[in-house]
Amino acid sequence: MSIKSLVDAYDQLDSFDLRVLRVIEIGHRRFEFVPLEVIVDWSKKPEELIDRSLKKLNALGMVIRYRGNYTGYRLTFMGYDSLALHTLAKRGILERVSPTPIGVGKESDVYAGDAIGDGKVVLKFHRLGRTSFRQIRRFRSWIGNRRHITWLYESRLSAHTEYKALVLAYNAGLNVPRPITVNRHTVVMSYINGVQLSEVGDVEDSEDLYWSIIENIKRLFADVGIVHGDLSEFNIMIDLDSGDPYIIDWPQWVPRNAPGALDMLRRDIINITRYFMKKFKFSIDSSEVYSYVVGNVEVKEESLEKALEELLGNEGLSELMGSEKEEEFEDA
């Protein structure tokens, strides 16, 4: 699905269609396929109007209809995208989205855009429904039996998780994209005018670049208390103007006290070190770098949820994993 097809479909919606989408979104807190009678009851509108809107949304690919022992509807990512973009536009945050993605991965689609008064930005749409179950297993371990889980909610949780890491790292002065906002499964962040480390040719001082990355990893671990968890040459951007490295792609981060965090940290350091040794032909012992990064920081391994509570506080953890805030829908 392209942004152009999404915008073309969105342009065909009216305010009532958007409200029906919102009702289904709220219904997903209890149902995978929201029953038609629930949609009618919550919408407070005649069934024939609801039915007409649902047929339209189904034809546009924004909902999927289920017919078994009851008739129900489920949002698709196109429907969820529409709600997110609608809210970002109505809040005066987003003005335009580029029709061509700047990145497509297993877990997300990334587009450039223009934010009102904020210049060029990046929109990252999290899409866990088409990936491996690595993240899904992790999120289920956080949530337990708290609520009905859907692919859309898990994608929302992935986005809010990444946004939280960006906020923590950016506020500590580290080299990450500036977080602007998050809505549903969509993170809006500042645009880095750069290229992936994997695409960089010769650099003026490769050793200086390496240690700049390591210092960011060390400060993330020691000062912020988190580990990236999936670091490689593919999620480090080199700013074309300053030459500074920026760490991107954060949905898999963990607190340093989480189970396996030190193993993830070691793997991050090994990945970066091996790449620099192969690409720029200098020798360094990754185990010594690991010891330098950990330093004298005391690590007490505990459950993931306990580690998150200590890092974010109960309120921050509840906000991260809780239900979506009620979105105020204005007439389209």
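A brief structural summary. (Residues numbered from 1 in each chain as written. Predicted model: local features only at pLDDT ≥ 70, side-chain atom pairs only at ≥ 80, totals over all residues. Heavy atoms only, no water.)

**Concerning the sheet that holds strand S8 (residues 186-190)**
If you trace the 5 strands from one edge of the open sheet to the other, you get S4-S5-S6-S8-S7, paired in antiparallel fashion. Of all strands in the sheet, those with a lone pairing partner are strand S4 (94-104) and strand S7 (179-183), marking the two edges. Strand-to-strand twist across the sheet, computed as the mean angle between neighbouring axes with direction ignored, equals 25°. The pairing of S7 with S8 spans 4 bridges and is antiparallel. Bridge pairing in S8 places Asn183 opposite Thr186. Along the sheet, helix H7 (residues 151-171) makes contact with strand S6 (119-126), S7 and S8, crossing S7 at roughly 160°. (Pairing = 2+ DSSP bridges. Helix = DSSP H or I, 4+ residues; strand = E, 2+ residues; numbered from the N terminus. Axes fitted to C-alpha atoms, helices over the stretch in contact; angles between N-to-C directions. Contact = heavy atoms within 4.5 Å.)

**Some points on the packing of aromatic side chains**
Enumeration according to the criterion identifies 10 aromatic pairs in this entry. Ring geometry for Tyr210 versus Trp211: centroids 5.3 Å apart, planes at 85°, classification edge-to-face. We classify Tyr210 as buried; its relative accessible area is 0%. Arranged with centres 5.7 Å apart and planes meeting at 75°, the rings of Tyr210 and Phe282 form a pair that is edge-to-face. Highlighted residues: Tyr210 in helix H8 (residues 206-224) and Phe282 in the loop between helix H9 (261-280) and helix H10 (286-294), separated in sequence by 72 residues. In this pair, the class of Tyr210 matches that of Phe282, namely buried. Among the aromatic residues, those joined into a cluster by ring pairs are Tyr210, Trp211, Tyr275, Phe276, Phe280, Phe282 and Tyr292. Directly above the ring of Tyr191 sits Lys120, whose terminal nitrogen or CZ lies 4.2 Å from the centroid. One cation-aromatic arrangement involves Arg266 over Tyr290; the distance from NZ or CZ to the ring centre is 3.9 Å. (Phe/Tyr/Trp six-rings, centres within 6.5 Å; stacked < 30°, edge-to-face > 60°. Buried < 20%, exposed > 50% of the residue type's maximum accessible area, 1.4 Å probe, protein only. Lys NZ or Arg CZ within 6 Å of the ring centre and 35° of its normal.)

**Some thoughts on the pairing of strand S3 (residues 71-75)**
Bridge count between strand S1 (residues 34-35) and S3: 2 bridges; the pairing is antiparallel. Residue Val34 lies in a different strand from S3, and its bridge partner there is Tyr73. Inspection of the sheet shows strand S2 (residues 63-67) paired to S3 by 5 bridges, in the antiparallel sense. In the strand pairing of S3, Ile64 is matched with Arg74.

**Focus on the layout of surface pockets**
By volume, the largest pocket is sized at about 850 Å³. Forming the boundary of the largest pocket are 34 residues, of which Val110, Gln196, Phe234, Ile248 and Asp249 lie nearest the centre. When its residues are assigned to classes, the lining of the largest pocket shows 15 nonpolar, 11 polar and 8 charged. (1 Å grid on protein atoms, 1.4 Å probe; cavity = no way out; pocket = protein on both sides within 12 Å on 5 of 7 lines; lining within 4 Å. Points joined across faces, edges and corners; volume = space filled by probe spheres on them. Nonpolar A, V, L, I, M, F, W, Y, C, P; charged D, E, K, R; others polar.)

**What about H8?**
Compared with the 27 Å implied by 1.5 Å per residue over 19 residues, the 26 Å span of H8 between its first and last C-alpha is a close match. Considered for burial, the residues of H8 that qualify are Ser206, Leu209, Tyr210, Ile213, Ile214, Asn216, Ile217, Lys218, Leu220, Phe221 and Val224. Residue Asp205 occupies the N-cap position of H8, its side-chain oxygen lying 3.3 Å from the main-chain nitrogen of Glu207. Following H8 by one or two positions, Gly225 adopts a phi angle in the positive range, close to 90°. (Expected span 1.5 Å × (residues − 1). Polar contact = N/O pair within 3.5 Å; in protein donor to acceptor, adjacent residues only side chain to side chain.)

Everything listed is a geometric property; what it means functionally is a separate question.
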